[in-house]
Amino acid sequence: MKFSKGFCLIAMATLLMAAPARADVDDGTKIQGPLASQLMSWVEREMGVRVPSMPNIVASRKKFNMVMNMAGVHFADARSLYIPGTVIMDNYSWDPEDPVQLGLLVHELAHHAQLFSKRKYPCPDAREYEAYTIQNKWLTSQGYAPFASQYWINEMSRCPAGSAGVS
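Since this is a predicted model, take the numbers as computed values, not measurements.

## What to know about the nonpolar core
The biggest cluster of nonpolar side chains holds 32 residues, and the ones touching the most others in it are Val 43, Leu 105 and Leu 109. For this core, the secondary structure elements donating two or more residues are α2 (34–47), β2 (56–59), β4 (86–89), α4 (99–114), α5 (127–141) and α6 (150–156). Residues within four places of Leu 105 in sequence aside, it is in contact with Ile 31, Leu 39, Ile 57, Val 87, Met 89 and Trp 94. Core analysis: the next-biggest nonpolar cluster, separate from the first, contains six residues, Phe 64, Val 67, Met 68 and Ile 88 among them.

And the structure:
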């Protein structure tokens, strides 16, 4: 399984900027209901995309570590990731009242919405630009500081030289 630079770097960004754990939920806890639906509705409106189904959203360090290990990536404090159809949050830090955690979920929901978008991206990493921008916009709309600087967003969304276009 190969992951893009953007996928790996969201984990690193989270390592560098995530707040300490405030909640410790059971491994495998499903994140669903009104909170997830409201955040997805917000993402859909901002992106102008209709998402026909919610992703599976789970708080699980075990699943998170399994995916990261399969990818050959080892960031001990990473908090979230997206694989098609599934968002995985770290259950050691997941707190539905923490704006940083909610912002991370919004970022991953943006990646889910991208699956249903007709947008063309010049490379897989280019998807990070939109996801970070949506994440920052949600945080500022809630009265919180942006998660990532424009410099960080530009770096994480840069396509490697010679990359082919993707849909």
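That was the structure; now back to the text.
## Some thoughts on α5
Its 15 residues place the ends of α5 21 Å apart at the C-alpha level, agreeing with the 21 Å of an ideal helix rising 1.5 Å per residue. Where α5 is concerned, the buried positions are Arg 127, Glu 128, Glu 130, Ala 131, Tyr 132, Ile 134, Gln 135, Asn 136, Trp 138 and Leu 139. At the C-terminal side of α5, Gly 143 shows a positive phi close to 90°.

## Quick look at the packing of α2 against α4
Two elements in contact, α2 and α4, have axes separated by 9 Å at closest approach and are oriented at 55°. What the angle tells us is that α2 and α4 run oblique. For the pair α2 and α4, the sense of crossing is right-handed. Contact residues: Leu 35, Ala 36, Leu 39, Met 40, Trp 42, Val 43 and Met 47 in α2; Leu 102, Leu 105, Val 106, Leu 109, Ala 110, His 112, Ala 113 and Gln 114 in α4.

## A word on helix α3 (residues 61–71)
What α3 keeps buried is the set Arg 61, Phe 64, Val 67 and Met 68. Along the axis of α3, the buried positions cluster into a sector of 130°, meaning they face one direction only.

## A word on the state of the cysteines
If you walk through the whole model with that rule in mind, you get one disulfide. For Cys 123, the disulfide goes to Cys 159, at an S-S distance of 2.1 Å. Where Cys 123 bonds to Cys 159 through sulfur, the torsion about that S-S bond is close to -90°, and the disulfide is left-handed. Within this pair, whereas Cys 123 is found in the loop between α4 and α5, its partner Cys 159 is found in the segment after α6, the two being separated by 36 residues in sequence. Judged by its relative accessible area of 1%, Cys 123 falls in the buried class. Classification of Cys 159 as partly exposed rests on a relative accessible area of 25%.

## Regarding the sheet that holds strand β3 (residues 80–83)
Here four strands make up an open sheet; going across it, the order is β1-β2-β4-β3 and the pairing mixed. Looking at the sheet topology across the chains shown, the edges are occupied by β1 (29–30) and β3. Inspection of the sheet shows β2 paired to β4 by four bridges, in the parallel sense. Its bridge partner lying in β4, Ala 59 is registered against Met 89.

Rules of the game
- Residues numbered from 1 in each chain as written.
- Predicted model: local features only at pLDDT ≥ 70, side-chain atom pairs only at ≥ 80, totals over all residues.
- Heavy atoms only, no water.
- Core = buried A, V, L, I, M, F, W, Y, C linked by side-chain atoms within 4.5 Å.
- Buried < 20%, exposed > 50% of the residue type's maximum accessible area, 1.4 Å probe, protein only.
- Helix = DSSP H or I, 4+ residues; strand = E, 2+ residues; numbered from the N terminus.
- Contact = heavy atoms within 4.5 Å.
- Expected span 1.5 Å × (residues − 1).
- Axes fitted to C-alpha atoms, helices over the stretch in contact; angles between N-to-C directions.
- Parallel < 35°, antiparallel > 145°, perpendicular 65-115°, else oblique.
- Left-handed = near helix turned anticlockwise from the far one by under 90°.
- Arc of directions from axis to C-beta.
- Disulfide = S-S within 2.5 Å.
- Pairing = 2+ DSSP bridges.

From the geometry alone we can't say anything about function, so treat these as descriptive.
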